[in-house]
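For reference, the chains in residue letters:
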Amino acid sequence: MEQNFHEITVEQLCKVINLLHPCMDDYLYVYDFINDFYYISPHAKQRFCIPDNTFHDVVASHGLFVYPADLAALQEDLNALLEGRRQFHNLEYRWLDLDRQPVWINCRGYVVRDQEKALYMIGCINEIGAAQKADNVSGLLGSSSLQTYMDTVPVPFPDGYLLHLGLDDFKEINEKLGIEYGDTVLRQTAECISKCIFPSQKLYRTVADEFLILDFQGGSCKDAKALYRAIQREIIHFVEECRYEAVFTISGGILESSKIKDYSFYDVMKLSEFSLNEAKRQGKNRCYCFCQEDYEAFLKRKKLTQFLRQAVYQDCKGFEAYFQPLFHARTNTLYGAETLMRFHSPEGSMVSPVEFIPILEETGLIIPVGRWILEQALTACKCIMETIPDFRISINVSYVQVIKSDIINEIVSAANAHQVPPANVIVELTESGLLESNPHFTRLLAKLRENGIRLALDDFGTGYSNFHYLHDLRPDIIKIDRSFTAKALANEYEYNLLDLISKMVHTLNLNVCVEGIETSNERNQIQNLAPDYIQGFYFGKPCPYQQFTENYIK
Ligand code: C2E
Ligand code: MG
Ligand code: MG
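Remember, predicted model here, so these are calculated numbers, not experimental data.

Calculation rules
- Residues numbered from 1 in each chain as written.
- Chains lettered and ligands numbered in written order.
- Predicted model: local features only at pLDDT ≥ 70, side-chain atom pairs only at ≥ 80, totals over all residues.
- Heavy atoms only, no water.
- Donors = N, O, S within 2.8 Å, 3.2 Å for Na, K, Ca; no water.
- Helix = DSSP H or I, 4+ residues; strand = E, 2+ residues; numbered from the N terminus.
- Buried < 20%, exposed > 50% of the residue type's maximum accessible area, 1.4 Å probe, protein only.
- Axes fitted to C-alpha atoms, helices over the stretch in contact; angles between N-to-C directions.
- Left-handed = near helix turned anticlockwise from the far one by under 90°.
- Contact = heavy atoms within 4.5 Å.
- Nonpolar A, V, L, I, M, F, W, Y, C, P; charged D, E, K, R; others polar.
- Arc of directions from axis to C-beta.
- Near = heavy atom within 4 Å.
- Polar contact = N/O pair within 3.5 Å; in protein donor to acceptor, adjacent residues only side chain to side chain.
- Areas by Shrake-Rupley, 256 points an atom, 1.4 Å probe, with all protein chains shown as cover.
- 1 Å grid on protein atoms, 1.4 Å probe; cavity = no way out; pocket = protein on both sides within 12 Å on 5 of 7 lines; lining within 4 Å.
- Points joined across faces, edges and corners; volume = space filled by probe spheres on them.
- Pairing = 2+ DSSP bridges.
- Phe/Tyr/Trp six-rings, centres within 6.5 Å; stacked < 30°, edge-to-face > 60°.

Novice: Hey, could you run me through the coordination of the magnesium ion (ligand 3) in this one?
Specialist: Ideal values differ by geometry: the angle at a metal is 109.5 degrees with four tetrahedral donors, but 90 or 180 degrees with six octahedral donors. Taken together, the protein donors to the magnesium ion (ligand 3) comprise Asp458 (OD), Glu515 (OE) and Glu515 (OE), at separations of 2.1 to 2.7 Å. Between the two metals, the magnesium ion (ligand 3) and the magnesium ion (ligand 2), the spacing is 3.8 Å, and Asp458 donates to both. Linking Asp458 in strand β17 (residues 454–460) with Glu515 in the loop between β19 (511–514) and α19 (520–527), this pair joins segments that are 57 residues apart in sequence. Of the two residues, Asp458 and Glu515, neither departs from the other in class, the shared state being buried.

Novice: Just checking my understanding: could you explain the packing of helix α5 (residues 143–150) against helix α9 (residues 265–281) for this structure?
Specialist: Helix packing for two helices is described by the angle between their axes and how far apart those axes are. The interhelical angle for the contact between α5 and α9, taken along N-to-C directions, is 115°, at an axis separation of 10 Å. Seen along the crossing, α5 lies across α9 with a hand that is right-handed. Residue-level inspection shows Ser143, Leu146, Gln147 and Met150 of α5 in contact with α9, the latter providing Phe265, Val268 and Met269. Each residue belonging to the contact of α5 with α9 can be placed in one class, and the counts come to five nonpolar, two polar and no charged.

Novice: Just checking my understanding: could you explain helix α14 (residues 407–417) for this structure?
Specialist: Since the α-helix advances by 3.6 residues per turn, residues separated by three or four positions end up pointing in the same direction. Along α14, the residues classified as buried are Ile407, Ile408, Ile411, Val412, Ala414 and Ala415. Here the buried residues of α14 occupy an arc of 165° about the axis, which is enough to place them on one side. Residues of α14 that are exposed and point over 90 degrees away from its buried face: Asn416 and Ala417. Taken together, the buried residues of α14 touch α12 (366–385), β15 (392–397), α13 (399–404), β16 (425–430) and α15 (439–451).

Novice: Just checking my understanding: could you explain the site of ligand 1 for this structure?
Specialist: Near ligand 1 lie 21 residues; those nearest to it are Glu338, Arg342, Asp458, Glu518 and Phe537. A distance of 3.0 Å separates a nitrogen atom of ligand 1 from a polar backbone atom of Met341. The protein chains hide 84% of the 800 Å² of surface that ligand 1 would expose on its own. Every element with two or more residues in the shell around ligand 1 is listed here: β13 (334–344), α11 (353–363) and β17. With four residues, the top contributor of residues to the shell around ligand 1 is β13.

Novice: Help me understand empty space enclosed by the protein in this model?
Specialist: To locate leftover empty space, one rolls a probe as large as a water molecule over the atoms. For the structure shown, the criterion picks out two cavities of 30 Å³ or more. Of the voids in this model, the largest cavity is the one considered here, and its volume is about 80 Å³. Every residue along the wall of the largest cavity is listed here: Tyr29, Tyr31, Tyr38, His62, Leu74, Leu78, His89, Tyr93, Trp95, Cys107, Met121 and Ile125. Where the lining of the largest cavity is concerned, the elements lending two or more residues are β1 (27–32), α3 (71–82), β4 (88–96) and β6 (117–127). Here the residues of the lining of the largest cavity sort into ten nonpolar, two polar and no charged. A volume near 50 Å³ is recorded for the second largest cavity. Together, Leu326, Tyr335, Ser394, Ile426, Glu428, Ala456, Ile477, Lys479, Cys513 and Tyr533 line the second largest cavity. Of all the secondary-structure elements, those providing two or more residues to the lining of the second largest cavity are β16 and β18 (477–480). When grouped by side-chain class, the residues that make up the lining of the second largest cavity number seven nonpolar, one polar and two charged.

Novice: How do you make sense of the sheet that holds strand β8 (residues 202–205) when you look at a structure like this?
Specialist: The strands making up a sheet associate through hydrogen bonds between their backbones, and the pairing can be parallel or antiparallel. Spatially, β8-β9-β7-β10-β11 is the arrangement adopted by the five strands of the open sheet, whose pairing is mixed. Bordering the open sheet on either side are β8 and β11 (287–289), each of which pairs with just one other strand. Strand-to-strand twist in this sheet, taken as the mean axis angle between neighbours without regard to direction, amounts to 15°. Here six bridges tie strand β7 (residues 161–167) to strand β9 (residues 210–215), and the two strands are oriented antiparallel to one another. Among the inter-strand pairings, Gly166 is bridged to a residue of β9, identified as Glu210. Strands β7, β8, β9 and β10 (250–256) of the sheet are contacted by helix α7 (residues 179–196), whose axis makes an angle of about 15° with β9. Relative to the sheet, α9 contacts β7, β9, β10 and β11, its axis offset from that of β10 by approximately 140°.

Novice: How should the environment of Gly123 be read in this particular structure?
Specialist: Take Gly123: it is sitting in strand β6. The exposure class assigned to Gly123 is buried, which follows from its relative accessible area of 14%. Sequence separation between Gly123 and Asn90 is 33 residues; the distance between their C-alpha atoms is 9.6 Å. Residues within four places of Gly123 in sequence aside, it is in contact with Tyr27, Leu28, Tyr29, Arg108 and Gly109.

Novice: Whenever I open this one, the packing of aromatic side chains confuses me. Can you help?
Specialist: Two descriptors summarise a pair of aromatic rings, namely the distance from one centre to the other and the angle between the planes of the rings. Inspection of the entire model under this criterion finds 31 aromatic pairs. With 4.6 Å between their ring centres and 70° between their planes, Phe65 and Trp95 make a pair best called edge-to-face. You can see Phe65 sitting in helix α2 (residues 58–65) and its partner Trp95 sitting in strand β4, a full 30 residues away along the chain. In terms of burial, Phe65 and Trp95 fall into one category: buried. With 5.1 Å between their ring centres and 80° between their planes, Tyr538 and Phe539 make a pair best called edge-to-face.

The structure is reproduced here in structure tokens:
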């Protein structure tokens, strides 16, 4: 049957195309080599800047609507077909749409010959970007093409790198300047990147605001960084050119071939995405080079997050409340206890709150776990109050609880339910999470005061210290963090500073609690500063309730 194709005339084929074209989105075409004539489905005229759906002088006419950079590749392929070196035409390249913007197409066609002589080519053109329409915005190939290409790269990958680029806060551009402007930014970013790469480097747009450059020509992390910086400069240039209408930046995650162990597309993308996320996490507008240790720490954190989530769903199984004694500095008598959370990982180890509290905060799990620890703290306080009626229980409250839950009402009603007078409760707030003039905090303070609950400003002296908080929050107690205490014990200047701060705090009629005293020597030195309360391993380490009552209550 194949031999008879040459008997079908071009005229007949044009009629068939005309007949079929209303039934399909793709474009059928015939290229008549003998008469230098081209015929394409009529609806192509509504999409591409072709002169008409029929035209002569085919090669020259293609110059009008083929993306200039792709003309040479097309010409090369056509020559191969005409000279009989190739039978089947299959090329991904770009045509220009009616706005003269590039659109990726896949053009396939079969050459029909009479003996050796090429008569015509018949085939079909489809838009690669049609499945992922967004690609036409940037004029780049998308992730399915990336995957197809990656599958052709020999394993292990040749030396080189992947540079995964992502616009910073792209959502904001769309929100503030509109989606159309967002598209312009994407198109311009694609252009900025294109300007910086060599023909041997491949560029794809992977998802909405992310791009990926592949270089398997032996480049190292250093080369990738240089490329990243060149792109950064191009973008700054663009931002300046459009007169700062949209000020945006780009982050880059670099993955060197040598760091890849699993070559499946999915595994490679995982590492490359991690690198980009890491660049963003470290502050954006920067690049990050993949490092196995960082990745392992990330996986560990991810696993811990899963454990924490599971624990919360199982009524906080694995969490434990520890209590650390607080003493009156002058009399050395017990003042109360700070409630400190512990987590026993299902893998057997005890995880430090320094590690898991930030995860609980990030995920919002601090809200249910905070409720749970509140119950533990008040239950313990109620029992101890039977022996020491003015025993104070101190509870750490995260800013996330303040902003996203009704924590103060919860504390007040839990205290009522446990018959613990509010005056026996201290709420510790960490400075780092405080946002000035946040209405949530204003409400929190009013509510605390109204109910007679005391407020302690935790972590004082850790770098976030803002004396304004002393005015805005009017805390009852300032807790000097262990890191500040340690510095004061080691350095005269810091010691004098701490002395001045505690004098000032006293002048304001507030109380000072010094944390982190580990030895008797330290205690003596700190005693000279006349703090009101003291806390530290020297007086007692945090411990479970049972041990706490045995050591300090009985
Ligand atoms: P924090 O509230 O400032 O608690 C004091 C920390 O200092 C505790 O660490 C305590 O064990 C430690 N510490 C006390 N005395 C000494 C000492 O003499 N030497 C040394 N080296 N350290 C001492 P921990 O229990 O690891 O807790 C760390 C942080 O985690 C806490 O700092 C607090 O910010 C947070 N955290 C703990 N439990 C909770 C909780 O239930 N809720 C919230 N939101 N945060 C909590
Ligand atoms: Mg605390
Ligand atoms: Mg503290």
